[in-house]
Structure formats: C-alpha cells, structure tokens
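Structural overview
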Amino acid sequence: MIAEAGHYALVLALALALIQSTVPMLGARWGDPALMNVARSTALAQLLFVAASFTALVMLYVNSDFSVVNVFENSHSTKPLLYKITGVWGHHEGSMLLWVAILALFGGLVAAFGNNLRLSLRAHVLAVQGWIAAAFYLFILVTSNPFLRIASPPIEGRDLNPVLQDIGLAVHPPMLYLGYVGFSISFSFAIAALIEGRIDAAWARWVRPWTLVAWIFLTLGIAMGSYWAYYELGWGGWWFWDPVENASLMPWLAGTALLHSAVVMEKRNALKVWTILLSILAFSLSLLGTFLVRSGVLTSVHAFATDPSRGVFILLILCLFIGGSLTLYAWRASALKQGGLFAPVSREGALVLNNLFLTSACATVFIGTLYPLALEVLTGDKISVGAPFFNLTFGPLFVPLLVAMPFGPLLAWKRGDLLGAAQRLTAAGIAALVAIAVLFAWTHGGATLAPLAIGLAIFVIGGALSDLAERMALFRVPLAIAMARARGLPRATWGTAFAHAGIGVALIGIVCETTWNSEYIGTMKPRDVASVAGYQLKLDEITQRQGPNFREMIAQFTVALDGETLQVMMPSKRNFTTRDSSTTEAALLTRGASQLYVSLGDTNAEGAIAVRIYHKPLVLLIWWGPVLMAFGGLLSLSDRRLRVGAPKPAKAARALQPAE
Amino acid sequence: MTLWFVFALMTVAAIFAVLWPLSRGSSAQAGGSEAVVYKDQLAEIDRDVAAGLIGLSEAEAARVEIGRRLLAAADGERNQPAHANLGLRRASAVVALVGLPIAAVTFYLALGSPRLGDFPLASRTRMADASQPLENMVAQVEAHLEKNPTDGRGWTVLAPVLVRLGRVDDAVRAYRNVIQHAGDSAERRSDLGEALVIRAGGVVTAEAKGEFERAVAQNADDPRASYFLGLAAEQDGRKADAAAIWRAMLSKAPADAPWRALIEAALTRVGAPVPPALSDDAMAAARDMNEADRGTMVRGMVDRLAARLKQDGSDVEGWLRLVRAYMVMGERDKATSARTEARQAVAGDAERLRQLNEGLKNLGLDG
C-alpha cells in the first residue's frame, strides 16, 4: 500500500500542478483574486503530496520492499540503514523525485511566506512554478517512474553502485539540487515580471535572498562533490573539468553574476533587464545541467541513467523552457522600465564588470563542454576538450576579475573614486608583493606563475580585510570604538568580506596543490618503506575484513616524519559481491591544511600491492574557501534589513569620518 | 479496500485545496502592494539613522529616492480593478470536482498496480533463501582462516565455494593460499589458473597461462591445463597450435573422458577436422568386432551422450552430435524427438538456440 499510495500522491501532485499552472494565470488576466489565490493552496497541497510520495519511497527503501523495481535495482537488505536512505536519490528515478520535491518545497515557501507580494505577481510566479513542476512530474511518471512494481518480488536486491555508498551521497546531491532548483524561484519571478510587464520593489526584495539561498547550497554542493571525488575515486584529483562538473559550474557562475546584479537592482533599482536575463540564464543552465547528467549524453560517474527516451523527453523540456523563456524575454523586455543611472566608476560599474567577466567565463565553460558534443552529433568526430582548454580560457578571465574584485566594495554607489579605493588597497598590494618576493626567493627556479597567483590570492584576501578595516576605521580611532563599529556593521558587509576572502583562500589551495604536489607510485610489500615529501610510510601488513555488504582488504601504514612516528593510516579496497565491483577507500592524514593521501591499487602474484601516495600541501584550502564563501552568503542572508543604496553625496562621506 | 479509502481521502484533500480559495470569494484581497514595501523601507531608514548606521544626509538622500519610487508605484497601482469572474470560478470548480479525480485515477490506473500489496523484507519468510546458510558457513570458514591463515585444508574447502558464489577475486587469493599452505600440485595450479580465467571474463591472461604451464610441468596429462593452454593459443590467434594441443589430448584420452565433447567442440571452432571419436586402439578393436557387437558399442556411446544431455542440456554441439548419430543410424523419429528436446533445453538462451537451429539446418532437419 505504501508504494501505491506514494504513486497516487505523485499523480495527484501532477493534477494539482496542472491546475496551479492555468487557473491563477486566468485569474490574473481577469483580475479575480479568488482564482489567483488558487495558486497558493495548490502549491501547498502539491508540496504535501510530493513530500508524501518521497516519504513513501524512503519507507520502501528502509523496509527493503523489493516488489518495487527501483528498490530491487538499487538496494540490498544488508546495506547499512544510512545508505538505504541516501540510496533513495542514488539513481535516476529517486534523484528526479528529490528534484521535484525540492521544487515543490520552494513553491510552498513562496506560497506560505509571499504575503508581501502583489497578488497577481504571486499568482504568476506560482503558475510558472506549476509549469516547471508539471513538466517534471510528467517526465517522472512516464519515463522514470520509481513506483513500478514486480508481481513476484525477488529475495535480494542488486545493491547500490558501491562508489555511491558513502556519506557524500547524503550531502552532495541534496545540496546541489537545492542550488539548481533554488534558481527556479528567480526564474519564475523573472518570467512573471516579463508577463506582467513590470518590475517593482517587492520583486527585487524577493529575488536576492532566494538567489542567495540557491547560491549558498550550490557552492557547498559543488565543493562537497569535489571533495568526495577527491577521497573516493582514489586518484587524488579534485576537479577534472568533466562535463558533469562543468554542468554544475555553469549555473554557479551565472548565479554568482545574478547575485551581484540583484544587489544593484535591489539597492539602486538599476540593471533590471539584465537581472531578468541572468535569472533566466541561471535556471536554464541548471536545467541544462540536469539534462547533461540525466540524459545519458555523457558517460561519467554521475550518469547512472542512460536511456534515450528520457534524453528526448528532457531535451523537449529544455527546449520548451529555455526557448520559451528567451523568446518571452526578447518580446517583452523592452516593455520594462529602465531606471537608476550611474557613472562607469562606481559600485554599480564594478558589479557590471564582475557580471561581464563571470558571464564570459560561463560562456567559455559552456563552449568547452558542449562543443565536443555538438561536433560529435554533426560530424561523428570524437574530440575531448580537457584541462588545457579551460586553463587557457577560464584562467585569463578570472585573473582580471580577481584583480578588480577588491576595488568593488570600496567604491561608492552611483559615482565612485577609483584613486581613493586604490589608496585604501595599498596595504593589500604591499602584502601581495611581499608574498610574491618571498615565494620567488624560497622556490627559486620553480614555477613562475605560482608565486604570482599566490600574490593575487593574498591581494584578494587583503582587499577583503582592508574593506572591513576601512569601515571599522581600524587604526584611525581607538580600538574600542573600532570594535563597536565592527559590531554595528551590517552583516551583509561581513558576508561580502568573507565570500571574497574565500575566493582568495581557495585560490591559494589550488595553486599549492597543483604546483607543489609530490607523489610516490609503486608496488610495496609488507615492511617496505616509501618516502614522500619528508614523510616515511612503512607498510606494516595487509589484512582482510568482512564488512556489512563487502569484503575489505586493509593495508596498514605507519607514518613517520624525521624518525618520529605520527600516526597509522589504513587505506583499503572494498569488494562488493552483489555488483561485482570494488572501490578504493583512500586514507587521509591531515596536517594543518595539508594532507597525506594513500590509496591502494591491485595486488600482484607475489603479494605486493600497488600503492599511490600523494603529499598535497594546503589542499584543504580548496574546500575551506567555498565554505567561507557559503558562510559569507549565510551572513548576508541573515541580514534582513531592507536595502536602500543611499547615494552618498561627496561631502557626506567626509562628514562621517570623525574629526582628527 | 483500505488502499481505495486512502486514495479517496487524498483526492478529497486535493479537490479541497482548489475549492477552498474559490469559496472564499473576493473578500480575500490579501497580498502586499508595492507601496507597503516602500513604506517599510522608509521605516528602515529611520531605524538606521536612530542606530547611527547611516549619516543624516545619506538618510535624506535615500528618503528622497524612495519617495520618488513610491509616487511612481502609486501611479501604476491605480489601474488594477479587482472583480469577481463567476463564470471562470464555476469552471475551475467543475474542473477540480470532476476533471481532477477522473484524470488522476485514469493516469494512475494506466501506471500503477493497485492490487499488489507491500512486500517488506521483514515479513517474508527466509525459507526460500537457500544461499543464506551457505554464505553463513563461508563467513565462518573465513573467520577461522583469518585466525589460522596457514590451514591449507580450510583454504582447499573454501576456494571452490568462493568461485561458485562469484567472489572470484577472493577465490584467486584462496587458491594461492592453497598452493602455499597445502602444497603444490598440477591440479591446484589448474584450479588457480581457471579462477584467474574466470576473473578475466574468459580470457586466458599471461598470469593464468603461467599457472597452466606450471601445472603441465608437473603433470603433462592434466587435461584442464592442456585445454586452457590450447585456449590461450587460440586466443593468441595461433589456431594451428591450439588444434595440435587439443588433438594430442584426444589421442591420449580414454574414450569415455567426460571432457571429450568439449575438446571436439573446440576443435570444430578453430576449424580443425575432428578426429574419430575413438582412439586408434578402440577403432582397431571395433574393426575386429562383428556387426552386432559394433552396433552395441556405438549404441552404448549414443545412449551415454543422450543421458548426459538429459542432465545438462546446454551443450549445443552435443545435441547436434546426437541428432547426427540418430540420422546415421537411420532412426529419424528419434532424431526428431532429440531435436524437440534440444530446442526446449536451450530455449532460454537466444544465442545457443540460433547455433542449434543453424546446425540442424546443416543436417537437413530444420523445420
């Protein structure tokens, strides 16, 4: 009954989505408030039914009900409970159900908390959400239904792909989907604005926090996915420019641009049309990401669905929504009123520059990801666009962006003072130059670019700190007053500083990891010693162990630094009988932000084992950076003040500073 | 019946979600207007000034700007009359009351299986699970061997079971331990080699070939090692070598060796002529027999083949040989019934069925 009730709930959600997508539109057209209010109750009811449906699937997994095809194909009775639950979205059908559940959640939130929205705006927004939801319910029910049954259930399931049996699956997909689907809100708002032909203050007030929520989750989701790949795949790589990774990076870049232009829009009522376009692009790229991963066009770790009929269906959804929204944009954008003038050198100008670089970077990733696919479709040639392409295109776009980044927050709204901003960044610049000089002296003759890149990162971090120091008037007023001012600063300002510093931190990690990474790859027998970056790793023994649904071969290494024993590392190799596949479980030893990484290969006839040992200096900074960025986003989100970009009269700025 | 009751409840809830706002009529003029946001913003500026976050002149500039937007918004909002559209409301209500349940149930019935109950694992009997005790035993033996890794006899027992359970990697390791702790022999080397071949998906790897060569070095007549060495030659593209190895095996083999059919099939595959099913001595003996004795001997062989195929029907070559034998002996009805049995035996495997039908066509017995 659980399975069938969940199935029926999903069908009802589809029916409600269809009503939600039409009735409120008619209501808005004829100005009938009752019809417009249908959007709200149907959105809430839809959330209820999808949540019921999702809960039903979770229960089926927990009970190991193998009469459901989907459970049979992706679960196993001996799997630990955590992986039974996370396994719900560890495959195509379940992950699509999670997708719509999150979509319904966002729709429900708009319905529940959208009291300060104009009635017709809310009706339009929810109707657009209804279109998206209806399309995806239909997709799930017709091509990837998780509730199909087997009349005579098998005794045991086929188990989940072992690579996915990891805590990462509990975190990475839900985060990523919260990010992807979160952009649907700004998309719906954009479409609603285009349909209505007007953008008002409530519009801007709503779009920024929703974009911020989506962006925070997407940032964490991508970082988490990267760390997961790093420790699970056994190669110590954290970013491969794999098309699936790019698919998540593109909405992130567009979303970051949207976030910044939404600030301009909220504070200064400018860049309206551009913000609308970015909203459409961010969600379109999210849909594209879903399409690339789910259609089976790409083969990778993520492509656990390869079925052409699904691909065609998703392609239809994609054409409908992206094509439709862009057509609507082309048709209606001119009807929107532009507002808010500003000088080229100003906060707005800086944000426009940011937008230009971010969208260009997004475009290069787009080309690098889709060009090989397009070429294969048209000519049948298979080419692969790898890291060199992205390093050569993405890198040069990001360098000027990072150079310009510290200037932005220091410029005033409407008209800014570039020279003044540069003066205030002197300290950061000096810190960067010192760092470059020290690194050159230290590494003499090594890579030329690495010290420069680290200098740039220091400049970015220093710039973020300078901005804070400037606002606190640190070193110009007594410390106690500066502290008081720091407490009084809007949390959004702290958020900006954290997020910008996070980029610098991540950059340091990336440069250090790629430049000064050292490795040992070879075969070892018990009592052999390998030495990497000053560490001695002694292979003590190799043992076997039985896990809940796998056999495990564990190698025990004793790590010593300068003769002093530090710790024992136990990398292992797991063998999953049901799927006849194995995974490597790397062992990590963290020293500060650096890590020692050991993963196992195959054993040979003589009992020796292939071992890969890496020393990765400051590698953890790569993920601390995004965490800092997300934390900055949270701070900014918690700042519930209404935002008014008060244009500073030139004299007023001086008047603020205390007399010396 | 409870299921349909639950469905009905859910449907009612869904219908209610649509009807409820419709019934509330035009009194529900909720929702914010733009002016509210601007008024909030003005209040916010006052609070900021009070808290000392922004200066007075900045606050004034901001108030002016918000005031401008407020005026613009007030202009825009005037042309928004709200009026009830009864016709549309009634139509929506009808859609919710009639259309929604019909559409939902129709759609569901096309996809769902309302007659199937739940089958949670806990409620199902474990009697049918024959593999469970075996796996438990294996786990016990493995635990024992973990403590006494030098127990050669234990490894000898465990290894073939692991192969059967599909845990080939572990089986390879187990066979290595057998050789290490229970002593080396041709048969054990062959076991290990065979496990290696299974692990490689049927390819005789260099590693496996090494094991078979060691086996042959200890016992030149080990049939399994010889067969796989022939297979290795075949996979290397040296078909003549393969055929030579296999022919040598057949010439040395006893007439009733159970693997004879396998080798003959292999020889056919590499395109070498199959030597007569009897060794030279047996043929010489057969020549000396009288007609009746020879007939008995041939019949005995054919019956043995038929009996073997009754037990394991997956051997297509064997079936074809049997049919051919009946045809030669002039027993066409038996050939036809063998053909029917063969088709039944391999019906589950499309590839084998195809091979069988092709072979039958060559014998002129298709249909």
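These numbers were taken from a predicted model, which means no experiment stands behind them.

Concerning the overall build of chain A
Per the secondary structure count, chain A includes 20 helices and ten strands. For 660 residues, the compact-globule formula gives about 26 Å, and the C-alpha radius of gyration of chain A, at 27 Å, lands near that figure. For chain A, the spread of C-alpha atoms along the principal axes amounts to about 80 × 70 × 55 Å. Out of the 660 residues belonging to chain A, those deemed buried represent 61%. Once local pairs closer than 6 in sequence are excluded, the contacts in chain A between residues at least 24 apart make up 74%. In the form shown here, chain A has an accessible surface area of approximately 24,500 Å², with 67% of it arising from carbon and sulfur atoms.

Considering the interface of chain A and chain B
Taken together, the contacts link 79 residues of chain A with 78 residues of chain B. Where chain A abuts chain B, roughly 6,400 Å² becomes buried across the two surfaces, and 63% of that area is made up of carbon and sulfur atoms. Ionic pairing is found between Asp32(A) and Arg89(B), a salt bridge with its closest N-O pair at 2.8 Å. Mapped by element, the contributors of at least two residues to the side of chain A that touches chain B are helix H1 (2-30), helix H2 (33-62), helix H6 (119-143), helix H8 (201-232), helix H9 (243-268), strand E3 (535-546) and helix H20 (650-656) of chain A. Looking at the side of chain A that touches chain B, its residues break down into 42 nonpolar, 20 polar and 17 charged.

A word on a nonpolar patch on the surface
On the surface, Phe366(A), Ile367(A), Tyr371(A) and Ile383(A) cluster together to form a nonpolar patch covering roughly 370 Å² of accessible area. Within the element layout of this structure, Tyr371(A) appears in helix H12 (residues 347-379).

Let's talk about the packing of helix H10 (residues 223-235) of chain B against helix H12 (residues 260-269) of chain B
Residue and element names in this part refer to chain B. Contact geometry for H10 and H12: axes closest at 12 Å, N-to-C directions at 15°. Judged on the interaxial angle alone, H12 and H10 are roughly parallel. When you trace H10 past H12, the crossing you get is left-handed. Of H12, the residues touching H10 (which contributes Tyr-227, Leu-231 and Glu-234) are Leu-262, Ile-263, Ala-266 and Arg-269. Tallied by class, the residues present in the contact of H10 with H12 amount to five nonpolar, no polar and two charged.

Comments concerning the pairing of strand E4 (residues 551-561) of chain A
Residues and elements named next belong to chain A. Within E4, nine of the eleven residues are buried, which leaves the element mostly enclosed by the surrounding structure. Bridge count for E3 against E4 is eleven bridges, and the pairing is antiparallel. Considered in E4, the bridge of Arg-545 is made with Glu-552. Hairpin remark: E3 followed by E4, antiparallel, with four residues in the connecting loop. Across four bridges, E4 lies against strand E6 (residues 572-576) in antiparallel orientation. Opposite Ile-554, over in E6, you have Ser-572 as the bridge partner.

Focus on the pattern of salt bridges
Pairing of side chains with opposite charge becomes possible as their charged atoms draw close. The full count for this structure, using the stated rule, is 29 salt bridges over all chains. We note a salt bridge from Asp236(B) to Arg238(B), for which the minimum N-O separation is 3.3 Å. One salt bridge connects Arg238(B) with Asp241(B), and the closest N-O pair in it is separated by 2.8 Å. For Arg238(B), a relative accessible area of 34% corresponds to the partly exposed category. Accessibility expressed as a relative area gives 35% for Asp241(B), which makes it partly exposed. Here the salt bridges do not stand alone but share partners, grouping Arg545(A), Glu552(A), Arg574(A) and Glu585(A) into one network.

With respect to the packing of H1(A) against helix H1 (residues 2-23) of chain B
At a minimum axis distance of 10 Å, the contact between H1(A) and H1(B) shows a crossing angle of 20°. By the angle class used here, H1(A) and H1(B) are roughly parallel. Handedness of the crossing formed by H1(A) with H1(B): right-handed. Counted together, Glu4(A), Ala5(A), Tyr8(A), Ala9(A), Leu12(A), Leu16(A) and Ile19(A) of H1(A) and Leu3(B), Phe7(B), Met10(B), Thr11(B), Ala14(B) and Val18(B) of H1(B) form the full contact between these two elements. Of the residues in the contact of H1(A) with H1(B), the class split is eleven nonpolar, one polar and one charged.

Digging into the pairing of strand E2 (residues 529-532) of chain A
The side chains of a regular strand alternate between the sheet's two faces. Residue and element names in this part refer to chain A. The alternating pattern of E2 places Ala-530 and Val-532 on a buried face and Val-529 and Ser-531 on a face that is not buried. Where E2 meets E3, four bridges bridge the pair, whose relative direction is antiparallel. Across the sheet, the residue bridging to Val-532 is Tyr-535, located in E3. Joining the antiparallel neighbours E2 and E3 is a turn of two residues, in which Ala-533 adopts a positive phi near 50°.

Procedures and definitions
Residues numbered from 1 in each chain as written. Chains lettered and ligands numbered in written order. Predicted model: local features only at pLDDT ≥ 70, side-chain atom pairs only at ≥ 80, totals over all residues. Heavy atoms only, no water. Helix = DSSP H or I, 4+ residues; strand = E, 2+ residues; numbered from the N terminus. Rg over C-alpha atoms; globule rule 2.2 N^0.38 Å. Buried < 20%, exposed > 50% of the residue type's maximum accessible area, 1.4 Å probe, protein only. Contact = heavy atoms within 4.5 Å. Areas by Shrake-Rupley, 256 points an atom, 1.4 Å probe, with all protein chains shown as cover. Buried area = accessible area lost by both parts, 1.4 Å probe. Salt bridge = Lys/Arg side-chain N within 4 Å of Asp/Glu carboxyl O. Nonpolar A, V, L, I, M, F, W, Y, C, P; charged D, E, K, R; others polar. Patch = residues over 30% accessible without salt bridge, like charges linked within 9 Å, V, L, I, M, F, W, Y side chains within 5 Å. Axes fitted to C-alpha atoms, helices over the stretch in contact; angles between N-to-C directions. Parallel < 35°, antiparallel > 145°, perpendicular 65-115°, else oblique. Left-handed = near helix turned anticlockwise from the far one by under 90°. Pairing = 2+ DSSP bridges.

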